[in-house]
Amino acid sequence: MICYASHTGTKRNLDALRAADWRLMLSPYTRGRDVKGFRYALDNGAWADFRADRDFNNEGFQALVDCLGREADWIVAPDIVAGGLRSLRLSMVWLAPLLVRARMVLIPVQDGMGPEDLVNIVLPGRIGIFLGGSTDWKLTNMQLWGEFCAERGVYYHVGRVNTQRRFRLAHIAGADSVDGSSASRYAVTLPSLDFAGRQWDMWAPPKNRDDQFRWAVSAP
């Protein structure tokens with residue numbers, strides 16, 4: 001599973017991330033855009049705007065895409081946090097212009113969306129899924145969206161993964177990648193998170209994946 005960390009201006013933490021072969025997640029609010037030695041993806045910044053109770057930063061997002069979009073692993077289309085089908089309609093407005101500027105675009109899925117809403121939109125290698133939404137909805141639906149992506153051969157990313165438990169859940173759900181801010185802010189957490197991100201790569205996917213996910217979610 002590929003691990004992305006929020007960009008940080010702390011050289012020590014960047015060196016640790018680079019040594020662990022992690023990638024960076026950049027947003028319109030990333031202060032430094034020096035990505036030397038890193039592969040990276042572009043977030044739209046909607047979560048930060050939501051938490052700060054401000055409008056979406058259209059100009060900042062477009063500037064980020066124009067500057068770094070061509071070499072990004074993928075770009076997250078703009079969305080509305082917990083916005084259901086309103087969020088999907090917004091993402092679809094941005095989809096075509098982003099596809100001509102990026103290798104791959106991920107559509108954020110939010111509270112109120114279901115696989116039936118995305119079945120005619122996703123496309124292997126070009127249009128994948130970014131699991132967003134509220135925390136409870138994300139945990140409840142992580143496995144569902146993993147199965148949807150696996151059946152259609154499309155990329156699956158889980159956002160806001162900052163604990164070993166969340167890493168395990170993302171693994172079981174079949175995520176291709178995750179991102180979080182813990183390893184960027186606290187280099188001391190990187191070894192345990194890096195181990196959690198890699199440890200199951202040696203094993204074939206479990207046949208009892210559904211049972212494993214339910215058991216993992218119920219862990220204290």
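Higher on the page you've got the structure.
Along every chain, residues carry numbers that run from 1 in the direction the sequence is written. Where local features are concerned, this predicted model is filtered to residues with pLDDT of at least 70; where side-chain atom pairs are given and counted, the filter is 80 or more; whole-chain, interface and lining totals use all residues. Values shown for side chains rest on all heavy atoms present in the structure; no hydrogens or waters enter the calculation.

Brief notes about the packing of aromatic side chains
Aromatic rings considered in pairs are described by the distance between their centres and by the relative angle of their planes. Pairing of aromatic rings covers Phe, Tyr and Trp, the last through its six-membered ring, and needs centres within 6.5 Å; plane angles under 30 degrees mean stacked, over 60 mean edge-to-face, and all others mean tilted. By the definition in use, this model includes 8 aromatic pairs. Taking the centre distance of 5.3 Å and the plane angle of 70 degrees together, the rings of F61 and W94 count as edge-to-face. Pair noted here: F61 is in helix α3 (residues 58–68) and W94 is in helix α4 (residues 84–99), with a separation of 33 residues, a long-range link. This pair shows no difference in class: F61 is buried, exactly as W94 is. One aromatic cluster is present, formed by Y4, W74 and Y155 through successive ring pairs. Counting as a charge over the ring demands two things of the Lys NZ or Arg CZ atom: a distance within 6 Å of the ring centre and an angle within 35 degrees of the ring normal. The positively charged end of R54 is found above the aromatic ring belonging to Y29, 4.3 Å away from the centroid. Its guanidinium or amino end placed over the ring of W47, R160 lies 4.0 Å from that ring's centre, counting from NZ or CZ. The secondary structure listing takes helices from DSSP runs of H or I that are at least 4 residues long and strands from runs of E that are at least 2 residues long, numbered from the N terminus. The buried label goes to any residue with under 20% of its type's maximum accessible area, the exposed label to any with over 50%, and the partly exposed label to all in between, with areas taken from a 1.4 Å probe on protein chains only.

With respect to the nonpolar core
Buried residues of nine kinds, namely Ala, Val, Leu, Ile, Met, Phe, Trp, Tyr and Cys, make up a nonpolar core once their side-chain atoms join them within 4.5 Å. Residues L42, L118, I129, M142, W145, Y156 and V158 are the most contacted members of the largest nonpolar core, which totals 52 residues. In what follows, a contact means two residues having at least one pair of non-hydrogen atoms within 4.5 Å. The residues touching W145, leaving out its near neighbours within four places in the chain, are V109, M113, G114, P115, L118, I129, L131, W137 and Y156.

Quick notes on the side chain of R166
Looking at the element boundaries, R166 is found in helix α7 (residues 164–172). For the purpose of charge, His is not counted, nor are the chain termini; Lys and Arg are scored as positive and Asp and Glu as negative. What makes a salt bridge here is a side-chain nitrogen of Lys or Arg within 4 Å of a carboxyl oxygen of Asp or Glu, nothing more. Here R166 is buried and forms no salt bridge, its nearest opposite-charge partner D136 lying at an N-O distance of 7.3 Å. Not counting the four nearest positions on each side in its chain, R166 is found in contact with T135, L139, R160 and V161.

Some words on α3
Buried residues of α3: G60, F61, L64, V65 and L68, and no others. The buried side chains of α3 occupy one side of the element, clustering within an arc of 135 degrees when seen end-on. Opposite the buried face of α3, by more than 90 degrees, sit the exposed residues E59, D66 and C67. Elements that come into contact with the buried residues of α3 comprise β2 (23–26), β3 (40–42), β4 (75–76) and α4. Think of it as the arc spanned by the lines of direction from the helix axis to the C-beta atoms.

These values are about where atoms sit, not about what they do.
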